[in-house]
Amino acid sequence: MSSELVLVVCAANVCRSPLAELILRRGLAGRADIRIESAGTRVRAAAEICELVSTSGDEETWRSAARSHRSRAVTPELLNDAALILVADREVRSEVVRSVPEVRDRVFTLRDAALLAEGFSPDEPTRRAGIVSRFTMHLDRTRALRGRPTSRRTRCRRRPGVDWSSIEDGHGRSARRHAAAVHEVTAAVSAVVAALAGSQQGRRAEAPA
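Because the structure is a prediction, the values reported are computed rather than measured.

**Q** An account of the nonpolar core is requested, with residue identities and associated values reported.
**A** If you look at the biggest cluster of nonpolar residues, it comprises 42 residues, and the most contacted ones within it are Leu-24, Leu-86, Leu-110 and Phe-135. Sorting the residues of this core by element identifies β1 (4–10), α1 (16–27), β2 (34–40), α3 (60–68), β3 (82–87), α6 (110–116), α7 (131–146) and α9 (175–197) as the ones contributing at least two each. For this core, the leading source of residues is α9, giving 10 residues. Each residue touching Phe-135, except ones within four places of it in the same chain, is listed here: Leu-84, Ala-117, Phe-120, Val-192, Ala-195 and Leu-196. Of all hydrophobic cores here, the second largest spans 16 residues; its members include Leu-7, Leu-78, Val-87 and Val-100.

As structure tokens, this is what we get:
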């Protein structure tokens, strides 16, 4: 079976989506059946990854991948090729779906995917779909049954006008907001990795305090 693409998308492709790409690559290393790539909806030039992301991993493979990263714009070809599209926030999701409406059922925010991932079994045998396609179908079915997911903490802390399924872009903002975005992406993507890797650890993603 050929490899399946997991595509991560944010706005500029210099912070949230490349961080998610690096975490997915590290967590799913050795899986020849899964490809990980990232892109942005509002990329202006081939920019380097942000320094906070580049220094958040200390292994050489992380540093090498971070050094070689250059931002790129998402294309309809990339979107159509992806078995799963993970986006940083709902605004990016809207841009992706407007661009290619046919991928709607394959697009999830990072936080939604983390919360919907619970219950997925990567070891279920099948000859008709790869693990990423099965994971995407699991997310879509669960979303259809439950509606948009919320964690216990979001239900307790929800405020009008706050979208808890999105991770705010902290790049170019205060150090606190930038660090918070990196933490939130790491937590959500770690839950996705745990589900795909078959680990119980980290399957339940809660909204940060």
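**Q** Would you mind going over helix α5 (residues 90–99) in detail, with residue names and values included?
**A** Because each turn of an α-helix spans 3.6 residues, side chains separated by three or four positions in sequence point in the same direction. Taken as a whole, α5 has its buried residues at Val-92, Arg-93, Glu-95, Val-96 and Val-97. Looking at the buried side of α5, the elements it contacts are β1, α4 (76–81), β3, β4 (107–109) and α7. At the N-terminal boundary of α5, the capping side chain belongs to Asp-89, with an oxygen 3.1 Å from the backbone nitrogen of Glu-91.

**Q** Help me get a handle on the sheet that holds β4, residues and values and all.
**A** Strand order across the open sheet formed by four strands is β2-β1-β3-β4, with parallel pairing between neighbours. Looking at which strands have only one partner, the edges of the open sheet turn out to be β2 and β4. Going across the sheet, the axis of each strand differs from the next one's by a mean of 25°, ignoring polarity. Pairing of β1 with β3, which is carried by five bridges, proceeds in the parallel orientation. In the strand pairing of β3, Leu-5 is matched with Ala-82.

**Q** Describe the confidence of the model for the chain, listing the residues and the values that go with them.
**A** Should pLDDT be low for a region, the predicted coordinates there are not to be read in detail. Averaged over all residues, the pLDDT of the chain is 88; the fraction at 70 or higher stands at 86%. With pLDDT under 50 throughout, residues 152–160 is counted as low confidence; its partners more than four residues away or in other chains account for 14 contacts. Below a pLDDT of 50 lies the segment residues 200–209, which in the model reaches 32 contacts outside its immediate sequence neighbourhood of four places, other chains included.

**Q** Describe the pairing of β3, listing the residues and the values that go with them.
**A** Burial analysis of β3 places six of its six residues in the buried class, which makes it a mostly covered element. This β-α-β element, β3 to α5 to β4, shows right-handed connectivity.

**Q** Help me get a handle on α9, residues and values and all.
**A** Given a rise of 1.5 Å per residue, 23 residues ought to cover 33 Å, and the 32 Å separating the end C-alpha atoms of α9 matches this to within 8%. Gly-198, located one to two residues past α9, shows a positive phi value of around 85°.

**Q** Now, about the environment of Ala-47: what can you tell me, with residues and values included?
**A** Examined against the element boundaries, Ala-47 turns out to sit in the loop between β2 and α2 (51–54). Taking the relative accessible area as the measure of exposure, Ala-47 reaches 29% and is therefore partly exposed. With 23 residues separating them in the primary sequence, Ala-47 and Arg-70 have C-alpha atoms 5.1 Å apart. When neighbours within four sequence positions are excluded, Ala-47 is seen to be in contact with Val-14, His-69, Arg-70 and Ser-71.

About the criteria used
Residues numbered from 1 in each chain as written. Predicted model: local features only at pLDDT ≥ 70, side-chain atom pairs only at ≥ 80, totals over all residues. Heavy atoms only, no water. Core = buried A, V, L, I, M, F, W, Y, C linked by side-chain atoms within 4.5 Å. Buried < 20%, exposed > 50% of the residue type's maximum accessible area, 1.4 Å probe, protein only. Helix = DSSP H or I, 4+ residues; strand = E, 2+ residues; numbered from the N terminus. Contact = heavy atoms within 4.5 Å. Polar contact = N/O pair within 3.5 Å; in protein donor to acceptor, adjacent residues only side chain to side chain. Pairing = 2+ DSSP bridges. Axes fitted to C-alpha atoms, helices over the stretch in contact; angles between N-to-C directions. pLDDT = per-residue confidence, 0-100. Right-handed = clockwise from strand over helix to strand, strands pointing away. Expected span 1.5 Å × (residues − 1).

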